Amino acid sequence: MKRLLSLLLSTLLLAASAARAQSPQPPEVAARGYLLLDMSARQVLAERNADAPAEPASLTKLMTAYVVFQALKDRKIALDQRLPVSERAWAERKGGGSLMFIDPKMTPTVDELLKGMIVQSGNDAAVALAEGVSGTLENFVAQMNRQAEAWGLKNTSFRNVTGLTEAGHRSTARELAEIAQHVIRDFPERHAAYYAMKDYTFNSIRQPNRNLLLARDPSVDGMKTGFTEAAGYCLIATAQRDFPGGKRRLLSVVMGADSMQARANESQKLLNWGYTAFDAVRLFEAGKPVQTVPVWKGTRNTVDLGVDGALVVAVPKGEAEHLRTAVERIDPLVAPLAKGQRVATLKVSTVGGTPVAAVPLLVQDEVPQAGLLGRAWDALRLWIK
């Protein structure tokens, strides 16, 4: 019996060891919280305190920029449009934050103000843009909060457009990563135009981008820094590197580091680890269904399930050849079904059982409800089944 127990214990220890080996351990990160996301695979690779409420500091300006980009898309403003600089924007000089150094005698363009806000992190530029888009800061902040609510960000609440400390102004590493993803995915041309700029000169004042990784790592092309005494040093960084299977984009969020150098170092550490500890596996090409399933009471008998774009998963290095997939779905699937409706989940795991990803599967084409006779016939078939 003792020998049997010893053998069983040894087996369990080996299994536990194998499971640990299949889950790469992230590096030690000197920050209050962090998150590393593989945007190509839509997977979180590592995190710590990612849902802890935190002051976002100037990471706030990601949402400020998003609302401005949306206004540009909707043709409410134009890049070459000149905006007045109000006394309120001018008063940001008294707040102790970063500045573009605009004054009420100037009428900078929207393009100049975006560079001033994104590259130089100018609080005055953020205020001028907000007033130019919405008339008042209060109206613009309300738009920011409505957008956060629309995305389902339950732990994010904005009180200003700059990120300066204010009661109730908060977010989390996870939700800030969500905002950053929307900027990149919804406005890729804006991301490329502004967030990779290493410096910007306005009114003969040159200021470098405080994202030190732009000068260190050629694959880094954004995104935003932040600092207040309460928030510490924060950085959202994103990089895109080429691999045999295609491009991979990672995004790191570091909250509450001790210095400008520390936030850059810890972000670089996370990005490098994510690229070396995981492989990207393309399971399905864009436009290819993951599964074709039966539909009841619809105008069609089957429907394709899939994802938007190619289906890529990030797996621990060396596990790419040993993956298992399983689809969990609603059964029976009854019409009407809307295009894009989530009805299943593709679960990917290693042979050892370590979960790799859970990917929502979406209806690829609308399936309207059948007529009365068709519905009655399928109801009978389901009853018999």
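Look up: the structure comes first, before these words.
The structure presented is a predicted model; accordingly, all values stated were derived computationally and were not measured.

1. Some thoughts on the overall build of the protein
What the protein contains, in helices and strands, is 11 helices and 14 strands. Its C-alpha atoms give the protein principal-axis dimensions of roughly 80 × 65 × 40 Å. For the protein, the proportion of its 385 residues judged to be buried stands at 48%. Taking as baseline every contact in the protein between residues at least 6 positions apart, the subset at least 24 positions apart corresponds to 65%. Taken as a whole, the protein presents about 18700 Å² of accessible surface, with 53% of it coming from carbon and sulfur. For the protein, the distance from the average site of its 47 positive side-chain charges to the average site of its 39 negative ones is 4 Å.

2. Section: the packing of aromatic side chains
What the rule picks out here adds up to seven aromatic pairs. An angle of 80° between the planes, with centres 4.8 Å apart, marks the rings of Tyr66 and Trp151 as edge-to-face. With Tyr66 in helix H2 (residues 61–73) and Trp151 in the loop between helix H6 (137–150) and helix H7 (173–186), this residue pair connects regions lying 85 residues apart in the sequence. The residues Tyr66 and Trp151 share a single accessibility class, namely buried. Members of the aromatic cluster, each reached through a chain of ring pairs, are Tyr66, Phe69, Trp151, Phe187 and Tyr194.

3. Topic: the sheet that holds strand E12 (residues 323–329)
Read across the sheet, five strands follow the order E9-E10-E14-E13-E12 without closing on themselves; strand pairing throughout is antiparallel. Looking at which strands have only one partner, the edges of the open sheet turn out to be strand E9 (291–294) and E12. Across the sheet, the mean angle separating the axes of adjacent strands is 30° when strand polarity is ignored. Here E12 runs beside strand E13 (residues 342–350); their pairing, made up of seven bridges, is antiparallel. Its bridge partner lying in E13, Ala326 is registered against Lys347.

4. Quick look at the pairing of strand E5 (residues 220–228)
With eight of nine residues buried, E5 is to be regarded as a mostly interior element. Taken together, the eight bridges between E5 and strand E6 (residues 232–243) define a ladder with antiparallel strand orientation. Residue pairing in the sheet places Thr225 in a bridge with Leu235 of E6. Between E5 and E6, which pair antiparallel in sequence order, lie three residues.

5. With respect to the sheet that holds strand E1 (residues 33–38)
Here five strands make up an open sheet; going across it, the order is E2-E1-E7-E6-E5 and the pairing antiparallel. The sheet terminates laterally at strand E2 (43–48) and E5, the two strands that pair on one side only. This sheet shows a mean twist of 10° between the axes of neighbouring strands, independent of strand direction. Bridge analysis of E1 against strand E7 (residues 246–257) gives six bridges, and the strand direction is antiparallel. Considered in E7, the bridge of Tyr34 is made with Val254. Taken strand by strand, H7 contacts E1, E2, E5, E6 and E7, and its axis lies near 140° from that of E7.

Reading guide: rules and limits
- Residues numbered from 1 in each chain as written.
- Predicted model: local features only at pLDDT ≥ 70, side-chain atom pairs only at ≥ 80, totals over all residues.
- Heavy atoms only, no water.
- Helix = DSSP H or I, 4+ residues; strand = E, 2+ residues; numbered from the N terminus.
- Buried < 20%, exposed > 50% of the residue type's maximum accessible area, 1.4 Å probe, protein only.
- Contact = heavy atoms within 4.5 Å.
- Areas by Shrake-Rupley, 256 points an atom, 1.4 Å probe, with all protein chains shown as cover.
- Lys, Arg positive; Asp, Glu negative; His and termini not counted.
- Charge placed at Lys NZ, Arg CZ, Asp CG, Glu CD.
- Phe/Tyr/Trp six-rings, centres within 6.5 Å; stacked < 30°, edge-to-face > 60°.
- Pairing = 2+ DSSP bridges.
- Axes fitted to C-alpha atoms, helices over the stretch in contact; angles between N-to-C directions.

Any link to function would need more than the numbers given here.
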